[in-house]
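One-letter residues, chain by chain:
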Amino acid sequence: MRKSLLSICMAAALFAGTTAVAAEELRIGTASLGGAFYPIGQGISNLVNKYAGDDLTMVPVVTGGSVQNPRLVGEGEVDIAITNNNLAVLATKGAGPYKSGAIDIKAVAALHPSVLHMIVLDGSDIKSFEDIKGKRVAVGPAGGGTLGFMNFLLPLHGMSMDDITPSFLSYSDGFSQLSDGNVDAAFALSGYPASAVMQAGASNKLRFIEFSPGKLDEALGKNGAFKSVEIPADVYSTDAPGTVIGVNNMLIVPSDTDADRVFAITSAVFENLDEFKAENANARQINPDDSKNLAIPLHEGAARYFNK
C-alpha cells in the first residue's frame with residue numbers, strides 16, 4: 001500500500017526547456033475526504049501554489065489521518081502532514097501508537113484546535129464532569145480520539161470507565177442517541193462546529209458539561225500538549241459558552257527538511273491567513289501565536305518566520 005501511495009502521489013521532476021527545473025511537487029498528508037483535515041490541506045496547498053514561488057507546488061493526499069500521518073512523514077511517503085500536538089509528542093518519543101520507534105519530525109505551525117465536546121440536554125442533572133458517574137455516556141468509536149481524552153480525564157476525577165456505562169458509537173450516532181434520550185451525555189473530540197452536535201442542537205437545547213474549579217488547570221498541568229478552549233455560545237445556541245479541553249493540530253515535516261523550503265511554505269500560509277480564513281471555517285480558529293508554544297520544537301525554517 002505504501003508503494004502504491006508513493007507511486008500515485010510522487011511527481012517526477014520535469015525540465016522546462018533545457019536548463020530550468022520545474023516546480024517541485026510536495027505532498028501534504030491530510031485524512032479522509034469527509035474529515036476536516038483534507039479541506040485544511042487543500043487550502044494550504046492552494047496558498048503554497050499561489051504564493052510560495054515558482055519552484056514549489058503542493059498537493060493534498062488522502063491518508064488515515066492524525067495517527068498515521070507522522071509515520072508517513074517519517075517514511076517519506078509525504079513531505080508535510082497534519083497531526084495534533086499530543087500525537088506529535090508521542091511520535092518523537094516512540095510512545096503510544098509509535099512504539100516501533102521514535103520519528104524525527106519538527107513542527108511547522110499550529111492549526112485549528114480539536115476540542116472535547118462534553119454535551120448534555122439542557123434539562124440534564126449532569127452539571128460537572130464528576131456527575132457522569134453512573135450515567136450512560138456516548139464516548140465515540142472504539143479506538144477513537146475521544147477515548148484517549150476519557151482515559152486521561154476519568155482518573156483525574158477518581159473514576160474509570162467502569163464508573164460509567166459507555167456506548168462506543170460514531171459521533172453522529174452518539175449525539176442522535178443523546179437526542180433520543182438513550183444516553184445521558186455525549187462526548188466528541190472534533191473541531192468546531194461539529195456536524196453531529198449541530199444536528200442534535202437543531203431539535204434540542206444543549207448545554208456543555210463543566211469542569212469543577214481547578215480541574216481543567218490540573219489537567220493542563222499534567223499534559224502540556226492540551227489547552228483550554230472557549231466555544232462561543234452562538235456556535236451551538238447554548239445559553240453560555242463552553243470552556244473545554246482541546247489540543248492544537250499542527251503541521252509537521254521531517255527534521256532534515258530544507259529550511260528555505262519550510263520558510264516559503266510558512267510564509268505562503270501565514271502571510272495570506274485572511275484569504276485562508278475566508279475560505280475555510282476551521283482556518284478562522286488558527287492563531288499564529290500558538291505556533292510559538294507547540295509541544296515539539298519548531299523547524300528552523302518555521303522559527304525563522306515566526307520569530308522575525
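Residues numbered from 1 in each chain as written. Predicted model: local features only at pLDDT ≥ 70, side-chain atom pairs only at ≥ 80, totals over all residues. Heavy atoms only, no water.

Q: Just checking my understanding: could you explain the overall build of the chain for this structure?
A: Scanning the chain from terminus to terminus reveals twelve helices and twelve strands. Relative to its length of 308 residues, the chain is compact, with a C-alpha radius of gyration of 20 Å against a globular reference of 19 Å. Principal-axis analysis of the C-alpha atoms places the extent of the chain at approximately 75 × 40 × 40 Å. A total of 308 residues make up the chain; the buried ones form 50% of that total. Within the chain, contacts between residues separated by at least 24 positions form 75% of all contacts whose residues are at least 6 apart in sequence. If you sum the accessible surface of the chain, you get close to 13,800 Å²; carbon and sulfur atoms cover 50% of it. Charge-centre separation for the chain: the mean point of 23 positive side chains lies 4 Å from the mean point of 33 negative side chains. (Helix = DSSP H or I, 4+ residues; strand = E, 2+ residues; numbered from the N terminus. Rg over C-alpha atoms; globule rule 2.2 N^0.38 Å. Buried < 20%, exposed > 50% of the residue type's maximum accessible area, 1.4 Å probe, protein only. Contact = heavy atoms within 4.5 Å. Areas by Shrake-Rupley, 256 points an atom, 1.4 Å probe, with all protein chains shown as cover. Lys, Arg positive; Asp, Glu negative; His and termini not counted. Charge placed at Lys NZ, Arg CZ, Asp CG, Glu CD.)

Q: Looking at this model, I keep getting lost on the pattern of salt bridges. Mind explaining?
A: Within the structure shown, the criterion is met by eleven salt bridges. Across the pair D184 and R136 runs a salt bridge, and its minimum N-O distance is 2.9 Å. Linking D184 in the loop between helix 6 (171-180) and strand 9 (185-190) with R136 in strand 7 (residues 136-138), this pair joins segments that are 48 residues apart in sequence. What makes D184 partly exposed here is its relative accessible area of 23%. Note on R136: relative accessible area 34%, which makes it partly exposed. Note that D239 and K205 form a salt bridge whose closest N and O atoms lie 2.9 Å from each other. Here the residue D239 occupies a position in the loop between helix 9 (233-236) and strand 12 (242-254), and K205 occupies one in the loop between helix 7 (195-203) and strand 10 (206-208), the gap between them amounting to 34 residues. Look at K205 and you get partly exposed, because its relative accessible area is 37%. (Salt bridge = Lys/Arg side-chain N within 4 Å of Asp/Glu carboxyl O.)

Q: Could you clarify how one ought to interpret the nonpolar core in this entry?
A: Buried together is how nonpolar side chains tend to be arranged in soluble globular proteins. Core analysis: the biggest nonpolar cluster contains 31 residues, and I44, M58, I80, V108, L251, F270 and F276 have the highest contact counts within it. Ranked by residues supplied to this core, first place goes to helix 10 (residues 259-270) with six residues. Other than its neighbours up to four places away in sequence, F270 contacts A109, A110, I286, P288, S291, Y305 and F306. I132, L189, F226 and V247 belong to the second largest nonpolar core, which has 29 residues in total. (Core = buried A, V, L, I, M, F, W, Y, C linked by side-chain atoms within 4.5 Å.)

Q: Looking at this structure, I do not really get the environment of Q285. What am I missing?
A: On the secondary structure map, Q285 appears in the loop between helix 11 (273-279) and helix 12 (300-306). What makes Q285 buried here is its relative accessible area of 17%. With 220 residues separating them in the primary sequence, Q285 and G65 have C-alpha atoms 20 Å apart. Setting aside anything within four residues of it in sequence, one finds Q285 in contact with H112, P113 and Y192.

Q: Sorry, what's going on with the side chain of N69 here?
A: Along the polypeptide, N69 turns up in helix 3 (residues 68-74). Owing to a relative accessible area of 0%, N69 belongs among the buried residues under this scheme. Looking at N69, its side chain comes within polar contact range of the side chain of T63, at 2.7 Å. (Polar contact = N/O pair within 3.5 Å; in protein donor to acceptor, adjacent residues only side chain to side chain.)

Q: I keep staring at unusual backbone geometry and nothing clicks. Help me out?
A: Apart from glycine, the bulk of residues carry a negative phi angle, and the bulk of peptide bonds sit in the trans form. The backbone of S237 sits at a positive phi, close to 55°, despite the residue not being glycine. Among the secondary structure elements, S237 is positioned in the loop between helix 9 and strand 12.

Q: Explain the packing of aromatic side chains to me, please; I cannot follow it from the model alone.
A: Working definition: an aromatic ring pair is given by the centre-to-centre distance plus the angle between the planes. This model, assessed by the stated rule, comprises nine aromatic pairs. Between the aromatic rings of F129 and F211, the centroid separation amounts to 6.4 Å while the plane-to-plane angle is 5°, which identifies the pairing as stacked. On the criterion of sequence distance, the pair formed by F129 in the loop between strand 6 (105-121) and strand 7 and F211 in the loop between strand 10 and helix 8 (215-222) is long-range, its members being 82 residues apart. Geometrically, the ring pair formed by F270 and Y305 is tilted, given 6.4 Å between the ring centres and 45° between the ring planes. Placement of F270 in helix 10 and of Y305 in helix 12 is noted, with a sequence separation of 35 residues between them. (Phe/Tyr/Trp six-rings, centres within 6.5 Å; stacked < 30°, edge-to-face > 60°.)

Any functional reading would require information beyond the geometric quantities listed.
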